[in-house]
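Overview (structure and organization)
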Amino acid sequence: MSSTTFKILDVPKNERFQFDQVLRESFAGIYLWHAKRTLGGIELVRGAYIEDEVVGLAMLRKIAPSAGYVYYIAVSPSYRRKGIGSALLDDAINYFSANQANSIYASVEEDNAESLSLFKSRGFRPLSRDEFARKHGRLQSKVMLAKMMVVYGEIILLKTLDVAS
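Per chain, residue numbering runs from 1 following the sequence as it is written. Side-chain atom pairs in this predicted model are given and counted only at pLDDT of 80 or more, local residue features only at pLDDT of at least 70, and totals for whole chains, interfaces and linings cover all residues. Processing note: side-chain calculations cover all non-hydrogen atoms of the structure and skip hydrogens and water entirely.

A few words now on the overall build of the chain. Counting secondary structure elements, the chain contains six helices and seven strands. If you list the helices and strands of the chain from N to C, you get β-α-α-β-β-β-α-β-α-β-α-α-β. Taking 15 Å as the expected radius of gyration for a compact globule of 165 residues, we find that the chain reaches 15 Å, a close match to that expectation. Oriented by its inertia axes, the alpha-carbon framework of the chain measures out at about 50 × 40 × 30 Å. For every residue, the accessible area (1.4 Å probe, protein chains only) is compared with the maximum for its type, and the residue is labelled buried under 20%, exposed over 50%, or partly exposed between those bounds. Relative to its 165 residues, the chain shows a buried fraction of 45%. Note on definitions: a residue-residue contact is assigned when non-hydrogen atoms from the two residues lie within 4.5 Å. The long-range share in the chain, meaning contacts at least 24 apart out of those at least 6 apart in sequence, stands at 69%. Just so you have it, the chain exposes about 8,900 Å², and 50% of that area is on carbon and sulfur atoms. Strands are runs of DSSP state E lasting at least 2 residues, helices are runs of H or I lasting at least 4, and numbering of each runs from the N terminus. C-alpha atoms define the radius of gyration in this analysis, and the globule rule sets the expected value at 2.2 Å times the number of residues to the power 0.38. Here the open area of atoms and residues is found with the Shrake-Rupley method and a 1.4 Å probe, where only the protein chains shown may cover a residue.

Looking at soluble globular proteins, one finds that nonpolar side chains tend to be buried together. Buried Ala, Val, Leu, Ile, Met, Phe, Trp, Tyr and Cys residues form a nonpolar core when they are joined through side-chain atoms within 4.5 Å. Phe19, Leu23, Phe27, Leu57, Met59, Tyr105 and Met148 are the most contacted members of the largest nonpolar core, which totals 31 residues. Mapped onto this core, the elements with two or more residues apiece are helix H1 (20-26), helix H2 (29-41), strand E2 (44-50), strand E3 (53-64), strand E4 (67-75), helix H6 (138-148) and strand E7 (154-160). Ranked by size, the runner-up nonpolar core spans 27 residues in total, among them Ile84, Leu89, Phe96 and Leu118.

All right, on to the sheet that holds E7 then. Sheets are built from strands paired through backbone hydrogen bonds, the pairs being either parallel or antiparallel. Any two strands are treated as partners once DSSP identifies two or more bridges connecting them. Here seven strands make up an open sheet; going across it, the order is E1-E2-E3-E4-E5-E7-E6 and the pairing mixed. Each having just a single partner strand, strand E1 (7-10) and strand E6 (125-127) make up the two edges of the open sheet. Between one strand and the next, the sheet's axes are offset by a mean angle of 35°, whatever the strand orientation. Pairing between strand E5 (residues 103-109) and E7: seven bridges, direction antiparallel. Along E7, the bridge assignment pairs Ile104 with Lys159. Here the axes come from fitting lines to C-alpha atoms, over the contacting stretch only for helices, and the angles between their N-to-C directions go from 0 to 180 degrees.

This brings us to the pairing of E7. Counted residue by residue, E7 has five buried out of seven residues, so it is predominantly covered. When E6 meets E7, the two strands line up antiparallel, connected through three bridges. Across the sheet, Arg125 pairs through a bridge with Leu158, a residue of E7.

Turning next to helix H3 (residues 84-98). Taking 1.5 Å per residue as the helical rise, H3 with its 15 residues ought to reach 21 Å, and the 21 Å between its terminal C-alpha atoms agrees with that figure. Listed in full, the buried residues belonging to H3 are Ile84, Gly85, Leu88, Leu89, Asp91, Ala92, Ile93 and Phe96. Once H3 finishes, Gln100 follows within two positions and takes phi at roughly 60°, a positive value. By this rule the span expected of a helix is its residue count minus one, scaled by 1.5 Å.

Ring geometry is summarised as follows: Phe, Tyr and Trp rings, the Trp one being its six-membered ring, pair when their centres sit within 6.5 Å, and such pairs are stacked at plane angles under 30 degrees, edge-to-face over 60 and tilted between the two. Overall, the coordinates contain six aromatic pairs when judged by the stated rule. Seen from their ring centres, Phe119 and Phe124 are 5.0 Å apart, and the 80° between their planes marks the pair as edge-to-face. For the pair Phe119 and Phe124, one class covers both residues: buried.

To characterise two packed helices, one gives the angle between the axes of the helices and the distance between these axes. Where helix H5 (residues 129-136) meets H6, the closest approach of the two axes is 7 Å, and the angle between their N-to-C directions is 120°. Taken together, the axes of H5 and H6 lie oblique to each other. Crossing hand, H5 versus H6: right-handed. Where H5 abuts H6, its residues Asp130, Phe132, Ala133 and His136 lie against Arg138, Gln140, Ser141, Met144, Leu145 and Met148. Asp, Glu, Lys and Arg are counted as charged, while Ala, Val, Leu, Ile, Met, Phe, Trp, Tyr, Cys and Pro are counted as nonpolar; the rest, among them Gly, fall into the polar class. Class assignment for the residues of the contact of H5 with H6 results in five nonpolar, three polar and two charged. Here is the rule for angles: anything less than 35 degrees is roughly parallel, anything more than 145 is roughly antiparallel, 65 through 115 is roughly perpendicular, and the remaining ranges are oblique. Crossings are assigned a handedness: left-handed for a near helix turned anticlockwise from the far helix by less than a right angle, right-handed for a clockwise turn.

Note that every value here comes from positions in space, so none of it alone points to a role or purpose.
This is the structure in structure tokens:
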């Protein structure tokens, strides 16, 4: 294949099983278990396809009226470094922007340099739990963190969007 041409589409719940291999190639242990569990019930899955082959996905959810969360972005190893992960993240940012979010969150393991680099390249910055609580209030931040399922060893990332009134 001389150039990688792909499309990103919504994935209906009854077609999400097709992404199982992408998850198995991208995650291990508790992250694989959680990604597979999340895939079936998450609000929105956007899939990356080359022709009819599934090559990547993003799992997205609104966690508050003005905040979105990127649960997972995964790309099959043979298709990495071809712009698919970046395109999936750009697509997620556009989705949340179009749906009145002014903040987008993600969390990544502190030692996951590739994911950190991807998110930082799109304007995400690390956010402490204290700053998160100040931004949303103690109670709301606890509700949001529970929805995000952030675990020990993960960094919370924030991208603030300019939302036109």
